[in-house]
Amino acid sequence: MSPALVILAAGMGSRYGGLKQMDPLGPHGETILDYSIYDAHRAGFGQVVFIIRKDFADAFRARINQNPSLHRGLEVKYVMQDVRELPQGFIPPTGREKPWGTAHAVWCTRKTVDRPFAVVNADDFYGADAFRQLHKFLITTPTHGHDYALVGYRLGQTLSEHGTVSRGVCQVDAGHQLVTIDEQTALAPDPTGGANGKAPNGSVLHFPADCVVSMNCWALTPGIFSQLETQFVSFLRTRGSDLKSECYLPGVVGKLVAARQARVQVLTTEARWCGITYQEDKPGVTAALQALHAAGEYPEIH
């Protein structure tokens, strides 16, 4: 089977306001999500699984169906991320509305995804080469193994001048294997082109512009689902009563690597990342996409 592409589209979009996954940004009204589908399809992916929420499911499906030629030949499925869908023995605390995070979102696809798969954010543009790298890795990966990969980007190319961003800061060894991944949820750009974050004790940590970060661009297998559940159960026991706590996929993978329960290859790409965290980021992303169309990179998206 051709690999699947799992698209994380259930986020609240609190910083930008609204469903930024559906904003037209390309010269012909394309969304960032449209580019991911297009790039994945031409790279060889055969299935797309959207993780969404019930409260905007109808509007989301309607937007996807506006351009049927984009996903023609792809098997398209939808999975709802529901705060009530939890491992056996757990119930959400009263008042919990916020989704449980990206690790939970991927875990919700366990009954749908039966093949090696990539995971990407719906509101990040990763570039065509990123999907080629993911596909190349996935077609040689055992279906139920624990060998995974991520596409790494340079921190300085992923920051917003309009506020803080969340990034998984990676330590990579000489063999391109992930050693650690530190989920920094409030990286603030500094004059050096890098960013400042925080250590667990609250002290300031500086990260240089050329350090490798994860943008939630993963190559995984169904073997991760049982691992996700184990880690998520541990999270629920310690932080499940917190109404806004989230279990992040990079954090889970980092723990698996540390425990030698998984290996993660860090793939390099020359593709340019761009995305919208704040509304003020939009003009720069629009200009970057127009330049790619002008260069002939996307001649067929209408």
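Before going into details, it helps to say that this report is about the structure given with it. (Residues numbered from 1 in each chain as written. Predicted model: local features only at pLDDT ≥ 70, side-chain atom pairs only at ≥ 80, totals over all residues. Heavy atoms only, no water.)

## Brief notes about the overall build of the chain
Stage number 1. Regarding its fold elements, the chain presents seven helices and 13 strands.
Stage number 2. For the chain, whose C-alpha radius of gyration is 18 Å, the value lies close to the compact-globule estimate of 19 Å for 302 residues.
Stage number 3. Once the C-alpha set of the chain is aligned to its principal axes, its extents read approximately 50 × 45 × 40 Å.
Stage number 4. The proportion of buried residues among the 302 residues of the chain is 54%.
Stage number 5. Looking at the chain alone, contacts between residues at least 24 apart form 75% of all its contacts between residues at least 6 apart.
Stage number 6. Carbon and sulfur atoms make up 49% of the accessible area of the chain, which totals about 13700 Å².
Stage number 7. When the 28 basic and 29 acidic side-chain charges of the chain are each reduced to a single mean position, those positions are 5 Å apart. (Helix = DSSP H or I, 4+ residues; strand = E, 2+ residues; numbered from the N terminus. Rg over C-alpha atoms; globule rule 2.2 N^0.38 Å. Buried < 20%, exposed > 50% of the residue type's maximum accessible area, 1.4 Å probe, protein only. Contact = heavy atoms within 4.5 Å. Areas by Shrake-Rupley, 256 points an atom, 1.4 Å probe, with all protein chains shown as cover. Lys, Arg positive; Asp, Glu negative; His and termini not counted. Charge placed at Lys NZ, Arg CZ, Asp CG, Glu CD.)

## So, the packing of aromatic side chains
Stage number 1. Counted according to the given criterion, the structure contains 14 aromatic pairs.
Stage number 2. A ring pair is formed by Phe-50 and Phe-60, whose centres lie 5.4 Å apart and whose planes are at 70°; its orientation type is edge-to-face. Of this pair, Phe-50 sits in strand E2 (residues 47–52) while Phe-60 sits in helix H2 (residues 57–65), placing them ten residues apart in sequence. Like Phe-50, the residue Phe-60 is buried in the burial classification.
Stage number 3. With a centroid separation of 6.1 Å and an interplanar angle of 50°, the aromatic rings of Phe-56 and Phe-60 are classed as tilted.
Stage number 4. The exposure class assigned to Phe-56 is buried, which follows from its relative accessible area of 6%.
Stage number 5. An aromatic cluster is present here, built from Tyr-35, Tyr-38, Phe-125 and Tyr-298 joined pairwise through their rings.
Stage number 6. One residue, Arg-96, lies across the ring of Trp-100, its end atom 3.8 Å from the ring centre. (Phe/Tyr/Trp six-rings, centres within 6.5 Å; stacked < 30°, edge-to-face > 60°. Lys NZ or Arg CZ within 6 Å of the ring centre and 35° of its normal.)

## Re the pattern of salt bridges
If the charged atoms of two oppositely charged side chains come close together, the side chains can form a pair.
Stage number 1. Per the counting criterion, the structure on display carries 13 salt bridges.
Stage number 2. For Asp-82, the salt bridge identified is with Arg-84, shortest N-O distance 2.8 Å.
Stage number 3. Judged by relative accessible area, which is 60%, Arg-84 ranks as exposed.
Stage number 4. Where Lys-98 meets Glu-246, a salt bridge forms, and the shortest distance between an N and an O atom there is 3.5 Å. With Lys-98 in the loop between strand E3 (75–80) and helix H3 (102–107) and Glu-246 in the loop between helix H5 (224–239) and helix H6 (249–258), the pair connects residues that are 148 residues apart, well separated along the chain.
Stage number 5. By relative accessible area, Lys-98 is classed as partly exposed at 24%.
Stage number 6. Look at Glu-246 and you get partly exposed, because its relative accessible area is 21%. (Salt bridge = Lys/Arg side-chain N within 4 Å of Asp/Glu carboxyl O.)

## Structural notes on the pairing of E3
Stage number 1. Where E2 and E3 come together, six bridges link them in parallel fashion. Looking at the pairing, Ile-52 lines up with Met-80 of E3.
Stage number 2. At this point the chain moves from E2, through H2, to the parallel E3, and the crossover so formed is right-handed. (Pairing = 2+ DSSP bridges. Right-handed = clockwise from strand over helix to strand, strands pointing away.)

## Considerations on the environment of Leu-25
Stage number 1. Residue position: Leu-25 is located in the loop between strand E1 (4–8) and helix H1 (32–43).
Stage number 2. Spatially, the C-alpha atom of Leu-25 lies 27 Å from that of Pro-3, the residues being 22 residues apart in sequence.

## Quick notes on the packing of H5 against H6
In a packed pair of helices, the relevant descriptors are the angle between the two axes and the axis-to-axis distance.
Stage number 1. Put simply, H5 and H6 touch, their axes get as near as 10 Å, and they point 100° apart. The angle between H5 and H6 places the two elements in the roughly perpendicular class. On the side of H5, the interface is formed by Ile-224, Gln-227, Leu-228 and Gln-231, while H6 contributes Leu-249, Val-252, Val-253, Lys-255 and Leu-256.
Stage number 2. Counted by class, the contact of H5 with H6 contains six nonpolar, two polar and one charged residues. (Axes fitted to C-alpha atoms, helices over the stretch in contact; angles between N-to-C directions. Parallel < 35°, antiparallel > 145°, perpendicular 65-115°, else oblique. Nonpolar A, V, L, I, M, F, W, Y, C, P; charged D, E, K, R; others polar.)

## Remarks on H5
Stage number 1. Along its 16 residues, H5 runs 21 Å from first to last C-alpha, staying within 8% of the 22 Å computed at 1.5 Å per residue.
Stage number 2. On the buried face of H5, the contacting elements are H3, strand E4 (117–121), strand E6 (147–154), strand E11 (212–220) and H6. (Expected span 1.5 Å × (residues − 1).)

## A few points about the nonpolar core
Stage number 1. In terms of nonpolar packing, the biggest core is built from 56 residues, with Ile-7, Phe-50, Phe-60, Tyr-126 and Leu-134 touching the most fellow members.
Stage number 2. Examining the composition of this core, we find that seven residues originate from one element, H1, more than from any other.
Stage number 3. Residues within four places of Ile-7 in sequence aside, it is in contact with Leu-33, Ile-37, Val-48, Val-49, Phe-50, Ile-51, Val-120, Asn-121 and Ala-122.
Stage number 4. Ranked by size, the runner-up nonpolar core spans 41 residues in total, among them Val-212, Ile-224, Phe-225 and Phe-232. (Core = buried A, V, L, I, M, F, W, Y, C linked by side-chain atoms within 4.5 Å.)

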